[in-house]
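Analysis of the macromolecular model
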Amino acid sequence: MMGLVKLACMALGLLSPEGAPFYAAAFAPAASPARSHLQLRQGGEVARRATPPSTPGWRREWSLASTLERESDAIAADDADDDNDYMAEKFVSALDEEQPAPAQEDANGHDGVNVVLVTGFESFNRDLYEEAGRMLPPECKVHLQVFADSDIQTQKEAFAAAVRNADLFIASLIFDYDDVVAVSSLLDRQKVQNGPRLLFECATELMSYNRVGSFNMASSGEGPSGPPPAVKAILNKFSSGKEEDKISGYIKMLKFGPDLLKFIPGEKAGDLRTWLEAYRYWNQGGRNNVKAMLQLVAQRFLLEKQREGEERAKLESLMLPDLEVTPDVGLLHPLLGREGGAMKFASNPKSYLDWRLSSACSKRAEEQNFPLAPNDAPKIALLLYRKHVITGQRYIQDLIQYFEGEGLIPVPVFINGVEAHTIVRDWLTSQHEMDGVARGTIKRDSTYKSNEAAEVDAIVSTIGFPLVGGPAGSMEAGRNVDVASKLLDDMQVPYVVASPLLLQSIPMWKSNGVLGLQSVVLYSLPELDGAVDTVVLGGLVGDKIALVPERVRKLCGRLRGWISLRKTPPKDRRVSIMLYGFPPNVGAVGTAALLDVPNSLEKLLQRLHEGGYDVGDFATDPEASGQSLVAALTIMGESPVIAAGAERMQDALEQRMERAQNGDKTVPETLARPGGGLGGAKVKGVDMTFDELEKTLGKYMTRKVRRAWPEKERGPGVNAKNELVVAGLELGNIFVTVQPLLGVEGDPMRLLFERDLTPHPQYCAAYEWMKMPQKEGGEGSQAVIHLGMHGTVEWLPGQPLGNDRQSWSDEMMGSVPNVYVYAANNPSESILAKRRGYGTLVSYNVPPYGRAGLYLELANLKDLVLEYRTSEAAAQSSRSDLREAILASCERTGITSDVELPGEEDLSDDAFDSWVATVSDYLVELEARLFSSGLHTLGQAPTDKELSSYLNAYFDERLTEEEVESVIAEWHKQKQPADGGDNVPNFLSWLQAFADSFMGESQEAPPSGTEAHTTEKNALKEEALAIVDLLEKNTEEIDAVIDVLGGGYVKPAPGGDLLRDGTSVLPTGRNIHALDPYRMPSAGAWARGGRAAEEIIRQHLEANAGSFPETVAVALWGLDTIKTRGEAIAIVLALVGARPVKEGTGRTVCFELIPLDELQRPRIDVLASLSGIFRDSFANIVDLLDDMFERAAEADESPDMNFIKKHAMDLQAGGTERPAARLFSNPPGDYGSMVNEVVGSGDWDDSESLGEIWKGRNAYSYGRKEGGGGVRSGTARPDVLDKLLATTERVVQEIDSVEYGLTDIQEYYANTGALKKAAENRKEVDSATGERKKVAVSVIEAFGGASDDSKVAVRDVDDVLRMEYRSKFLNPKWRDAMLEQGSGGAYEVSQRMTAMVGWAATSNVDNFVFEQAAERYALDEDVANKLQKANPEAFKNVVRRLLEASGRGMWDADEETLDKLKSLYADADDLVEQVASSFG
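Residues numbered from 1 in each chain as written. Predicted model: local features only at pLDDT ≥ 70, side-chain atom pairs only at ≥ 80, totals over all residues. Heavy atoms only, no water.

**Examining the environment of V686**
Locating V686 in the fold gives a position in strand β19 (residues 682–688). Spatially, the C-alpha atoms of V686 and A646 are 5.7 Å apart, while their sequence positions differ by 40 residues. Discounting residues that sit within four places of it in the chain, V686 has contacts with A646, L724, V725, V726 and W769. (Helix = DSSP H or I, 4+ residues; strand = E, 2+ residues; numbered from the N terminus. Contact = heavy atoms within 4.5 Å.)

Okay, structure coming up:
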């Protein structure tokens, strides 16, 4: 049953809106999710068949699975991995041949009842419905035509004709916006406007067409809609008191409502009863019930037409079949058999397991040669769709048997879809929950049925959607997350969503990945509840749902991995910790974004020891250091050490430690500690041959590796014998290692961006050896911790979404649980770690925020400006001197680039005063700029100073520093036990005291304004206390890691940062998720994006003599889209002149064009530059944008007022296909522009070449009109991209957080900067200047939580670069904070220096920036020593980049400075080379 009864009764007036949440008509209610736009365009796959196969027993149902099983096994042997799909299609075709399809009757001239039935996306039930129609008594004279949702678009004429001639219209599960519009239009023109219409579980817009006699669901009309109040009162009684149970409570109403309505007088009540009775038959499902429903409505229709006579008598004599009732919930198993032709079900989990573990079950299994898991095997709760069970979908039986065969005992519970949480709450328990109940730390709900419940080891939902409410709970995604999280947290077992695709065929999944609404159902919505390890189990083959056996085995393997982890005592658990070291040779080993990896590693090992894990002597050795572990791993990664092989690494390490103890400065000082500070860690590794790799990797995947990496080109990590070197440090049962590089220097990301290629052999060997059991010579890791953001395993070639056997992420991770420690403020890239890399995410906080302040010359300038503006007017000579000093200081600091001097040669006093005022404003803004101060240590609570920095940044001027300090002091006071040991703070007294501090000692009644001010301050103070409390829970980060290593559950939370997203992102230590892509842009994002677009256009008009830009390129990235709720999408819409259209549930379903007379300006063409994550995560938005551009290109408008049409016409005239393509990204399944890799390696000729690299990597067009018919959805369209680049006059880029500015990470220059350069490459050369016309870049800093009605600041990229460099990189406060972080901080400095070169190559970096960077980091002897000591390779890179900038003409440095830098580089190079080449 679906939760639609709620929606229906609201439309009827049966239930009030306050009674319960609306039913989410946007999603599939009980059966399955709705087909998306994209599938409709790519569809036409569903074959029409007139008759169903005969009803099979479990043996027959198993035959398809057996066939696929055999074929799947053949894949591994023969590398024919697509043959299983072929076999599924062949088998289904054989079924079709069993029963010939009779000819369809012609509806024309039919004197009976023409019935149109639309199955929606349940095309797999089409034959069942047609068979039900053939079973009807001849007196009903029913001519039934059955259509699937795809037919609405692919068979438009036939469908329209059928609806026009229909006497009865029945539909279910229609949600696609285009389908809704088409059906609505046809129903409006239907020949019999008052004929019965039954619409079940459809979009809300269609529900209003429900009509039976005097009853209808129309929202307005001549009379009131719905039944009388008495009926409402009776039916309202079926809702329970629990908010989360209200939707499932309406199942009871449907069950008993028709019977109760017998006793209600009135025609409308009778008509309502007919509708409810029809729906009851439909909901119970099965051929006989559908036949009864058709008979019910057909009889009624004919009886109303036939008032008397023999025909009427025959109709009246027909008995309506009894309802065949299947339990709303129950348990099934193939061995339960049948009774009276119907499947037998168990009534509850306990009785099911009593039977399943009985000798009777074992005997039956033996008789039927049915594989059974041992009775002591893990028990897995399987949540299944009831409708799929009662309609005999064979994959259900197949799935159960696969689980048994894989050694897992399934506990298969079928549900309607809306009551999954009640199963978990009332029928399931776990060892953790039972222990908690016994200790009194967990309190079960009163609904728990102890005499019916069963203990399980994991929960697998094949439903998808949210746990609470299922499809009905998806209207307000996340509404009941707290309820779901509490239930799952008490259980502490893995919660996994795995299902065959109900909207895509297997070939479509194999070629495109999981698309559209299917991705929301399987990934986005379940992730809100903390679901992990989603596995696609199969998909459609023709009209049938088929499993891919290898994927079911993958699911079972991952479940076994989690359960084995939990059942292994901590002291025996073997865990690998994976650090990162990319890019090579710049000091990147042991670094991660915003995380102090060495200290985090040290803290994690200590906590593991406290949790009972064997970490060797590390936790008890006072000299043990995370810095030492990183230093040792760095040495082990040096080329000469690798060349000698794993077997000699321990010797190399010990010799290096000895040299450190002897004072050798070429060795990291931390290794001079006793024992090297390694806590007894020893090198462990293997030199693996290629043949040995093949044994563990398998022939099929190894063959791909051999083709990509021939013997003479094995890649990195190979010793002198051409063996694959895998090594790390062993601490008891903990193995600490560095994730292999993806490629080689000079081509550092090779194969990541070539879908048909592979990771190099040593990369494969590292993961395979890590997983290999100890008894087979491997490490035998039961879990891996990827420490920090981010690694590379989730970025490997393979499916964009929905791993298959050929996805390298899937292969590398195997069945090993992946604990992925990830930055809380990056919910975008974390999606890949979770979905492609099977990562259970544990978030860590961002570092504290700092205010830039003013320093050195800038501080002096501020004093000069202040003195000038406050000096006596009479002291003209003094003001004149100050004037010269200010001008000189501004020249030295480059301020004149940001605040340009007026063009007057002899600047008047008034003009200068005005200019100085602007300089003062700029300094104030610069002084207040925030930056991320230092790095975060995992699980470490903030100090009072750090708490103050968080609060000051969050509240800005709303709380003073003194007030912030007062909050922190009060928090400490509250945490201390009060007299008598009671720790309850007297919060009201404190608030009063705080208020008094603002009121003074006066006892007079304050003005009302003061009272309001005090109330506001008190509220802010309460909020600040709450934030402090949440920040103090940083300690839960490591606690969560320990919980996951115990095979447990991590609470979910949205990803984001405190400044923009508020307290919802705290505390950290959570399994972060993104948002529902069907809700974007949000209302706030639409408002802000529109204002940003207006400002972009205004600035362009001002700078270009009133000319509109013909094309604007807009960067659409996953991270900023998630964090801003779609502001960049809104900017695209506003530039084009379009707006979002939302249907009844709030889903965005279309972007409609705003009429030009309303827009009052031309439509601006947009080149949408999609990141790979945006492309894969927001496929629905991509489709809607593509549709919008197509319509804009075809609009009946003048090209002079529609630049999209203008450019499309130009392209079309040249014979270019798809001239309206506007959404461009990397090749399908690939990520990144490679520009940053080329800049990092230094292997580029000129800045123009960087633009061409970007263009070559982003020439693939995406959208609704791309792909289809099994073809991958991205299509290379370089001609269209060339045209768009040639007409691009401006680029737009949003920055979503303080932590990741333009200068902080490589991706901004590598994409936005390189896009700018690619556009400039296509501009004509100005004969006067000899240069090409510049393309402007508009930057929008979308952080800080600006209100919806505030002005959106749009700045030029050069202005933002200068602002960022001044406030962060050139700022001694930022520098010193990084220097305190050791090797990780030095690496952060090094990376920003590389990014500076990247920006200078693609845009512009002022000379003063390079000069001051050299002064701050290279020429300052103390700083240089600290950098070199902490990370020699990082310091070498700093100096190298400065010299490169000079050599490439980016920086005009004087000879003396260059000589010093060359000397430093020679010394640094000698040092690094000496370290790298020395073996002893």
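**Thoughts on unusual backbone geometry**
In this chain, F582 is followed by P583 through a cis amide linkage whose omega measures 0°. Summarising the element assignment, P583 is placed in the loop between β18 (575–579) and α25 (597–610). Positive phi, normally seen in glycine, also occurs at R1218, with a value near 50°. Positionally, R1218 belongs in the loop between α50 (1203–1213) and β33 (1223–1225).

**Observations concerning the sheet that holds strand β37 (residues 1336–1341)**
The 8 strands are arranged β35-β34-β33-β32-β29-β36-β37-β38 in an open sheet whose pairing can be described as mixed. Bordering the open sheet on either side are β35 (1275–1276) and β38 (1355–1356), each of which pairs with just one other strand. In this structure, β33 lies alongside strand β34 (residues 1260–1261), joined through 2 bridges in antiparallel fashion. Paired with S1225 across the bridge in β34 is Y1260. (Pairing = 2+ DSSP bridges.)

**A word on the pairing of β18**
Most of β18 is tucked away: 5 of the 5 residues are buried. Of the two faces of β18, both are covered, the one formed by V575, I577 and L579 as well as the one formed by S576 and M578. Relative to strand β21 (residues 734–738), β18 runs parallel, the two sharing 5 bridges. Directly across from I577, in β21, lies its bridge partner V736. With 4 bridges connecting them, β18 and strand β22 (residues 783–787) associate as parallel partners. Pairing of S576 across the sheet is with V784, part of β22. (Buried < 20%, exposed > 50% of the residue type's maximum accessible area, 1.4 Å probe, protein only.)

**Digging into the pairing of β21**
Of all 5 residues in β21, 4 are buried, a share of seventy percent or more. Judged from the 3 bridges that link them, strand β20 (residues 724–731) and β21 form a sheet pairing that is antiparallel. Bridged to E730 within β21 is F735. Connecting β20 to the antiparallel partner β21 that follows it, the hairpin turn spans 2 residues, and G732 within it adopts a positive phi of roughly 65°.

**Some points on the packing of helix α29 (residues 690–697) against helix α30 (residues 699–708)**
Running from N to C, α29 and α30 point in directions that differ by 140°, and their axes come no closer than 7 Å. Relative to α30, the element α29 lies oblique. Here the hand of the crossing between α29 and α30 comes out right-handed. Contacts between α29 and α30 pair F690, D691, L693, E694 and L697 from the former with K699, M701, T702, V705 and R706 from the latter. A per-class count over the contact of α29 with α30 returns 5 nonpolar, 1 polar and 4 charged. (Axes fitted to C-alpha atoms, helices over the stretch in contact; angles between N-to-C directions. Parallel < 35°, antiparallel > 145°, perpendicular 65-115°, else oblique. Left-handed = near helix turned anticlockwise from the far one by under 90°. Nonpolar A, V, L, I, M, F, W, Y, C, P; charged D, E, K, R; others polar.)

**Some words on the environment of T534**
Here T534 shows up in strand β16 (residues 532–541). On the accessibility criterion, T534 (8% relative accessible area) is buried. Along the primary structure T534 and Y838 are separated by 304 residues, whereas in three dimensions their C-alpha atoms are 7.6 Å apart. Not counting chain neighbours up to four residues away, the residues in contact with T534 comprise V497, L522, Y523 and Y838.

**Quick look at the side chain of R1175**
Mapping R1175 onto the fold places it in helix α48 (residues 1172–1177). Under the relative-accessibility criterion, R1175 is labelled buried at 5%. Reaching out from R1175, the side chain makes a polar contact with the backbone oxygen of N1226 at a distance of 3.2 Å. (Polar contact = N/O pair within 3.5 Å; in protein donor to acceptor, adjacent residues only side chain to side chain.)

**Describing the sheet that holds β19**
Taken in spatial order, the 7 strands of this open sheet run β19-β20-β21-β18-β22-β23-β24, and their pairing is mixed. Where the open sheet ends on each side, the last strands, each with one partner, are β19 and β24 (839–844). The sheet shows a mean angle of 25° between the axes of neighbouring strands, taken without regard to direction. Where helix α26 (residues 626–636) meets the sheet, it contacts β18, β19, β20 and β21, and its direction lies at approximately 165° from that of β20.

**A short note on the pattern of salt bridges**
Scanning the entire structure with this criterion turns up 88 salt bridges. Here K771 ties to E768 by a salt bridge, and the two come within 3.1 Å at their closest N and O atoms. With K771 and E768 both in helix α31 (residues 761–771) and 3 residues apart, this pair spans about one turn of that helix. With a closest N to O distance of 3.0 Å, D1187 and R1191 form a salt bridge. Of this pair, D1187 and R1191 both sit in helix α49 (residues 1179–1194), 4 residues apart, which is roughly one turn of the helix. (Salt bridge = Lys/Arg side-chain N within 4 Å of Asp/Glu carboxyl O.)

**A closer look at the packing of helix α58 (residues 1407–1418) against helix α59 (residues 1421–1430)**
Two elements in contact, α58 and α59, have axes whose closest approach is 6 Å; the angle formed by their N-to-C orientations is 65°. Put simply, α58 runs roughly perpendicular to α59. Counting all contacts with α58, which are made through R1416, Y1417 and A1418, the residues of α59 involved are V1423, A1424 and L1427. Of the residues assigned to the contact of α58 with α59, the class counts are 5 nonpolar, no polar and 1 charged.

**As for the confidence of the model for the protein chain**
Close reading of the predicted structure is inappropriate where its pLDDT is low. Put simply, the protein chain has an average pLDDT of 84, and 82% of its residues get 70 or more. Note on residues 221–235: pLDDT under 50 across the span, and 26 contacts to partners over four residues away in sequence or across chains. The low-confidence segment residues 980–988, where pLDDT is below 50, has 10 contacts with residues more than four positions distant or belonging to other chains. (pLDDT = per-residue confidence, 0-100.)

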